[in-house]
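Letter by letter, the chains look like this.
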Protein chains: 2
Amino acid sequence: MFERSQLNKGTLEGCILKIIGREPSYGYAIVAALREAGFTDVTEGTLYPLLLRLERKGMLSAAYQASPNGPSRKYYSLTEQGAQYLAEFEQAWQTTAAAVEAILQD
Amino acid sequence: MFERSQLNKGTLEGCILKIIGREPSYGYAIVAALREAGFTDVTEGTLYPLLLRLERKGMLSAAYQASPNGPSRKYYSLTEQGAQYLAEFEQAWQTTAAAVEAILQD
DNA sequence: TTTGTCTATATTGTAATGCAAGGTAGTGAC
DNA sequence: GTCACTACCTTGCATTACAATATAGACAAA
């Protein structure tokens, strides 16, 4: 069986930055957005470590904010460095996707 | 700096199976095919371990054949199991690519 | 009041993967 | 006989997605 999750490597990171780039968001909501977009199997166990990694790398900045429904939410914003990283990702994605399509077609 | 190689995870494997599925081929030629398709940075150090892995998993079968230019070539062929795995990969790729595009657009 | 559900974040450990680095060896041209 | 090209292989490392597990607040229903 082919493990679909292998295809998430590298792409998830970029997608998360893109989502946060639109407007600051928090983990629980980001998981929902990813699932809706088609990453149906993404769980919190995947996302939270990833967010922490991106924060430590300086791609994201974070601030807690009270929630009306439960525990405080940790809102992430894209830093300038993160925006640049995102641009690089988008470029790389297009290049790689084109290469894969070139091979798969026919 | 975004590491483009992260996007290769999972995709390379499928692309290799696809190339071999068209007609049996050997490592050195497969590297050339990948480079031409757009995986410009792929090296033998990446490919050979991957081919061995796929062979051990039963996705590929191999046979040595003399070369007119140098050492014997190890020709790989797609097994039945490999063909099924490839089909699963193609399906997964389309799903994932659609999800990424959905997020990146706009 | 306690049970369950939804919201929300975090940590630990593991397996898979790409890749750098290094090594071996055949062929042929100069 | 040295160089360049062809052709294969192995060891070890860093990154990554993910499962599993833990913690905890809010709130409704039983």
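Use the structure listed above.
Residues numbered from 1 in each chain as written. Chains lettered and ligands numbered in written order. Predicted model: local features only at pLDDT ≥ 70, side-chain atom pairs only at ≥ 80, totals over all residues. Heavy atoms only, no water.

## Considering the protein's contact with DNA strand D
Neighbouring DNA strand D are 31 residues, the closest being Ser 5 of chain A together with Tyr 28, Tyr 64, Arg 73 and Lys 74 of chain B. Restricting attention to atoms of DNA strand D within 4 Å of the protein, one finds that 74% of them are sugar or phosphate atoms. At 3.1 Å, a backbone N or O of Gly 10 of chain A approaches a phosphate oxygen of DNA strand D. One of the side-chain nitrogen or oxygen atoms of Arg 73 of chain B is found 2.5 Å away from a phosphate oxygen of DNA strand D. Only α1 (11-22) and α3 (44-56) of chain A together with α2 (27-37), α3 (44-56) and β3 (73-78) of chain B provide two or more residues apiece to the surface near DNA strand D. Of all the elements, α3 of chain A adds the most residues to the surface near DNA strand D, at 4 residues. (Near = heavy atom within 4 Å. Polar contact = N/O pair within 3.5 Å; in protein donor to acceptor, adjacent residues only side chain to side chain. Helix = DSSP H or I, 4+ residues; strand = E, 2+ residues; numbered from the N terminus.)

## Regarding the sheet that holds strand β3 (residues 73-78) of chain A
Residue and element names in this part refer to chain A. Taking strand neighbours across the sheet as the criterion, the 3 strands line up as β1-β3-β2 in an open arrangement whose pairing is antiparallel. A strand with exactly one partner marks an edge of an open sheet, and here the two such strands are β1 (25-26) and β2 (60-65). Sheet topology note: the β1/β3 ladder contains 2 bridges and is antiparallel. Across the sheet, residue Ser 25 finds its bridge partner in β3, namely Tyr 76. Strands in contact with α3 are β2 and β3; relative to β3, the strand with the most contacts, it is inclined by about 50°. (Pairing = 2+ DSSP bridges. Contact = heavy atoms within 4.5 Å. Axes fitted to C-alpha atoms, helices over the stretch in contact; angles between N-to-C directions.)

## Here's the deal with the sheet that holds strand β2 (residues 60-65) of chain B
Residue and element names in this part refer to chain B. Across the sheet, 3 strands lie side by side as β1-β3-β2; this open sheet has antiparallel pairing. At either end of the open sheet lies a strand with only one pairing partner, and these are β1 (25-26) and β2. Bridge count between β2 and β3: 6 bridges; the pairing is antiparallel. Looking at the pairing, Ser 61 lines up with Ser 77 of β3. Across the sheet, helix α1 (residues 11-22) touches β2 and β3, and the angle it forms with β3 is around 95°. Relative to the sheet, α3 contacts β2 and β3, its axis offset from that of β3 by approximately 50°.

## Observations concerning the pattern of salt bridges
Residues and elements named next belong to chain A. Using the criterion set out here, one finds 6 salt bridges over all chains in the structure. Ionic pairing is found between Lys 57 and Glu 13, a salt bridge with its closest N-O pair at 3.8 Å. Pair noted here: Lys 57 is in the loop between α3 and β2 and Glu 13 is in helix α1, with a separation of 44 residues, a long-range link. A relative accessible area of 39% places Lys 57 in the partly exposed class. Note on Glu 13: relative accessible area 12%, which makes it buried. A salt bridge links Lys 18 to Glu 90, with the nearest nitrogen and oxygen atoms 3.3 Å apart. Of this pair, Lys 18 sits in helix α1 while Glu 90 sits in helix α4 (residues 80-104), and the two are 72 residues apart along the sequence. Since its relative accessible area comes to 12%, Lys 18 is described here as buried. (Salt bridge = Lys/Arg side-chain N within 4 Å of Asp/Glu carboxyl O. Buried < 20%, exposed > 50% of the residue type's maximum accessible area, 1.4 Å probe, protein only.)

## Concerning the nonpolar core
Judged by nonpolar contacts, the single largest core of 60 residues is most densely connected at Leu 34 of chain A together with Leu 34 of chain B. Counting only elements with at least two residues in this core, the list comes to α1, α2 (27-37), α3 and α4 of chain A together with α1, α2, α3 and α4 (80-104) of chain B. Contact partners of Leu 34 of chain A, with chain neighbours within four places excluded, come to Leu 12, Cys 15, Ile 16, Ile 19, Phe 39, Val 42 and Leu 47 of chain A together with Ile 103 of chain B. (Core = buried A, V, L, I, M, F, W, Y, C linked by side-chain atoms within 4.5 Å.)

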